[in-house]
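Survey of secondary and tertiary structure
These are the residues of each chain, in order.
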Amino acid sequence: MRKVIELHVGLTSRHETMCRNDGKPIKSFIYGDGVENPLDWENHRKVAQEWIDAQEWQLSEPFNVEVIVYVTGLVALTTAFLYCWSKTKPTPFRLTLMHYNIKTGQYEAEKWT
């Protein structure tokens, strides 16, 4: 059985340091330091698609990569990313969205694909 490659990435780094549940900081972000206009859907989709297209894991063997996205409160960025993810063919890569639970201080996984 092949080892699954996990790619941990945040939507945006506009908040304080974002860390995984194991305490390791998230160092890669789809939208960098944030966005100027949260309602600029077209630009959000453009940035998301450029990020997806630029990833080396696109060259990996199918089902050997799990992309783990730590979402923030900017729903427009989440939907833009998911829109582009769903349009990317083929999409044999696993996607998990991580949602922050204020009560526990941990992220909870939502398996997307």
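For the structure, see preceding data.
Below is a short write-up of the structure. (Residues numbered from 1 in each chain as written. Predicted model: local features only at pLDDT ≥ 70, side-chain atom pairs only at ≥ 80, totals over all residues. Heavy atoms only, no water.)

A few words now on the side chain of Thr78. By secondary structure assignment, the location of Thr78 is in helix H2 (residues 75-87). When residues no more than four places from it in sequence are discounted, the contact partners of Thr78 are Leu11, Val71 and Thr72. (Helix = DSSP H or I, 4+ residues; strand = E, 2+ residues; numbered from the N terminus. Contact = heavy atoms within 4.5 Å.)

Strands sit in the order E1-E2-E3-E4 across an open sheet of four strands; the sheet is mixed. For this open sheet the edge positions go to strand E1 (5-10) and strand E4 (106-111), each flanked by a neighbour on one side alone. Across the sheet, the axes of successive neighbouring strands diverge by a mean angle of 25°, strand direction being ignored. Note: E1 against strand E2 (residues 65-70), six bridges, orientation parallel. Directly across from Ile5, in E2, lies its bridge partner Val65. Where H2 meets the sheet, it contacts E2 and strand E3 (94-101), and its direction lies at approximately 165° from that of E3. (Pairing = 2+ DSSP bridges. Axes fitted to C-alpha atoms, helices over the stretch in contact; angles between N-to-C directions.)

Ranked by size, the top nonpolar core spans 21 residues in total, and within it Leu11, Ile30, Val67, Val69, Phe81 and Leu95 carry the most contacts. Sort the elements by how many residues they give to this core and H2 lands first, with six residues. If near-sequence neighbours (up to four positions away) are discounted, Ile30 is found in contact with Val9, Gly10, Leu11, Val47, Ala48, Trp51, Val69 and Phe81. Within the second largest apolar cluster, seven residues are counted, among which are Met18, Ile26, Tyr70 and Met98. (Core = buried A, V, L, I, M, F, W, Y, C linked by side-chain atoms within 4.5 Å. Buried < 20%, exposed > 50% of the residue type's maximum accessible area, 1.4 Å probe, protein only.)

With that out of the way, let us pick up the packing of aromatic side chains. Here the structure, examined in full by the defined rule, presents four aromatic pairs. Between Phe81 and Trp85, the ring centres sit 5.8 Å apart and the planes meet at 35°, which makes this aromatic pair tilted. Residue Phe81 and its partner Trp85 are both found in helix H2; the two are separated by four residues, about one turn of the helix. Considering the side-chain rings of Tyr100 and Tyr107, the 5.2 Å spacing of their centres and the 65° angle between planes classify their relative orientation as edge-to-face. Joined through ring pairs, the aromatic side chains of Trp51, Phe81 and Trp85 make up one cluster. The ring centre of Tyr83 lies 3.7 Å from the NZ or CZ of Arg45, which sits over that ring. (Phe/Tyr/Trp six-rings, centres within 6.5 Å; stacked < 30°, edge-to-face > 60°. Lys NZ or Arg CZ within 6 Å of the ring centre and 35° of its normal.)

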